[in-house]
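Structure at a glance
Here is how the chains run, residue by residue.
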Amino acid sequence: MPDPVCPDCDVEMAETNCDTTGTNDRIHLRGEGLRGALGVGRRDVVAYVCPACSLVRFYAA
């Protein structure tokens, strides 16, 4: 996936790390229902930041 463009500044956004408060926590999308509760189909999320305005967006990896 090419780096997304900021909708406010029209500048290419850069991939960045997002910190969480827990140890080894990750932000991810979980499926619905029983399969989601079991972690089946879970997808990690990638964070992008705009270098001009600091807008942060999350995208499913």
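Everything below is about the structure shown above.
Below is a summary of the structure that appears in this document. (Residues numbered from 1 in each chain as written. Predicted model: local features only at pLDDT ≥ 70, side-chain atom pairs only at ≥ 80, totals over all residues. Heavy atoms only, no water.)

1. Looking at unusual backbone geometry
The backbone of Asp10 shows a phi angle near 60°, a positive value even though the residue is not glycine. Its location among the elements puts Asp10 in the segment before β1 (14–16). The class of Asp10 is exposed, set by a relative accessible area of 65%. Not every positive phi belongs to a glycine, and Ser54 is a case in point at roughly 70°. By secondary structure assignment, the location of Ser54 is in the loop between β3 (43–49) and β4 (56–60). (Helix = DSSP H or I, 4+ residues; strand = E, 2+ residues; numbered from the N terminus. Buried < 20%, exposed > 50% of the residue type's maximum accessible area, 1.4 Å probe, protein only.)

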